[in-house]
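Remarks on the overall topology
Given next are the chains, with one letter for each unit.
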Amino acid sequence: SDVNITGYLEEIPDQFSMLTQVIEKAGAAGYLGAYGNYTLFAPNNSAITDWLKSNSKADVAALSVAEARDFINYHLILDTINTKNFTDGKLQSLTQFGQYITTGVVNINGVSTFVLNKDAKIIQGNIRVGNGVIQVIDKVLQPKTKTVAQIISDNPRYSIFKQALIETGFYDSLNVDPA
């Protein structure tokens, strides 16, 4: 009798109507409404609104199908992961996008809060639904687009380290697409 992920999100439109629209546009409503074992990091409407503005999009309708699919794939893991399984570092399972999500804990006004990718906070965790777990987050997660080598190159503080990596041949090893 438990609702699945899409059913839960549809029951709370004031928080998740935009995420529901992204899921539908991505073509993911069918499998997120069926049986399975998923963890969905669910940005609320406020988070999606902020993300759309930062990407110069008026609303969810302005997203292409590919953008919506990437959005959902980066917020979805084919495994049920509760916050009790979070450790400082990356989660043990990849997102459907093919990248890891990192987790940590921060203390805000005396309250410990889980943080994903050093940015998004879990504002409601471990919501058990028929086909998995929902972790509500306050920001949209962003896939990594730079390699480790590019991150080092972009920071002038690491210029000597970058040169050492180039001289030893390790720079190319770190210049691998994060996806």
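Our structure's up above, just so we're on the same page.
It should be emphasised that the depicted structure is a prediction, and the values quoted were computed from it without experimental measurement. (Residues numbered from 1 in each chain as written. Predicted model: local features only at pLDDT ≥ 70, side-chain atom pairs only at ≥ 80, totals over all residues. Heavy atoms only, no water.)

**Describing the packing of aromatic side chains**
For clarity, the cut-off: Side-chain rings of Phe, Tyr and Trp, where Trp is taken by its six-membered ring, are said to pair if the distance between their centres is within 6.5 Å; with planes under 30 degrees apart they count as stacked, over 60 as edge-to-face, and otherwise as tilted. Labels follow the DSSP assignment, with helices taken as runs of H or I lasting at least four residues and strands as runs of E lasting at least two, numbered in each case from the N terminus. Each residue is placed in one exposure class: buried if its accessible area under a 1.4 Å probe, protein chains only, is under 20% of its type's maximum, exposed if it is over 50%, and partly exposed if it falls in between.
Within the structure shown, the criterion is met by five aromatic pairs. Their ring planes at 65° and their centres at 5.1 Å tell us that W51 and F71 sit as a pair that is edge-to-face. Taken together, the positions of W51 in helix α4 (residues 45–54) and F71 in helix α5 (residues 65–74) put the pair 20 residues apart, joining distant regions of the chain. Each member of the pair, W51 together with F71, is buried.

**Observations concerning unusual backbone geometry**
The phi dihedral of S56 falls on the positive side, at around 55°, and the residue is not glycine. Looking at the element boundaries, S56 is found in the loop between α4 and α5. The residue N109 is not glycine, and still its phi comes out positive at about 50°. Turning to its location among the elements, N109 is positioned in the loop between β4 (102–108) and β5 (111–116).

**Some remarks on the nonpolar core**
This is how the line gets drawn: The criterion is simple. A nonpolar core is a set of buried Ala, Val, Leu, Ile, Met, Phe, Trp, Tyr and Cys residues joined through side-chain atoms within 4.5 Å. For this analysis, residues touch if any pair of their heavy atoms sits within 4.5 Å.
One finds L9, L19, I72 and I134 to be the most contacted residues of the largest nonpolar core, which totals 30 residues. In terms of residue count, helix α2 (residues 13–26) provides more of this core than any other element does, six residues in total. Look past the residues within four positions of I72 in its chain and what remains in contact with it is L19, V22, I23, A26, A28, Y31 and L32. I77, I81, I101 and I122 belong to the second-largest nonpolar core, a separate cluster that totals 12 residues.

**Here's the deal with the environment of K25**
Tracing the sequence through the fold places K25 in helix α2. In sequence terms K25 and I77 are 52 residues apart; their C-alpha atoms lie 19 Å from each other. Once residues within four sequence positions are removed from consideration, K25 is found in contact with V60, A61, L63, S64, V65 and A68.

**A short note on the layout of surface pockets**
To keep it simple, the criterion reads: Lining residues are defined by having an atom within 4 Å of a point belonging to a cavity or pocket. Those points lie on a 1 Å grid over the protein atoms alone, cavities being sets where a 1.4 Å probe fits but cannot get out and pockets being open sets with protein on both sides within 12 Å along at least five of seven lines. Grid points are joined across faces, edges and corners, and a volume is the space filled by probe spheres set on the points.
One number sums up the size of the second largest pocket: a volume of about 210 Å³. Considering the residues around the second largest pocket, the lining is formed by 13 residues, among which W51, E67, D70, F71 and P143 are closest to the centre. With four residues, the top contributor of residues to the lining of the second largest pocket is α5.

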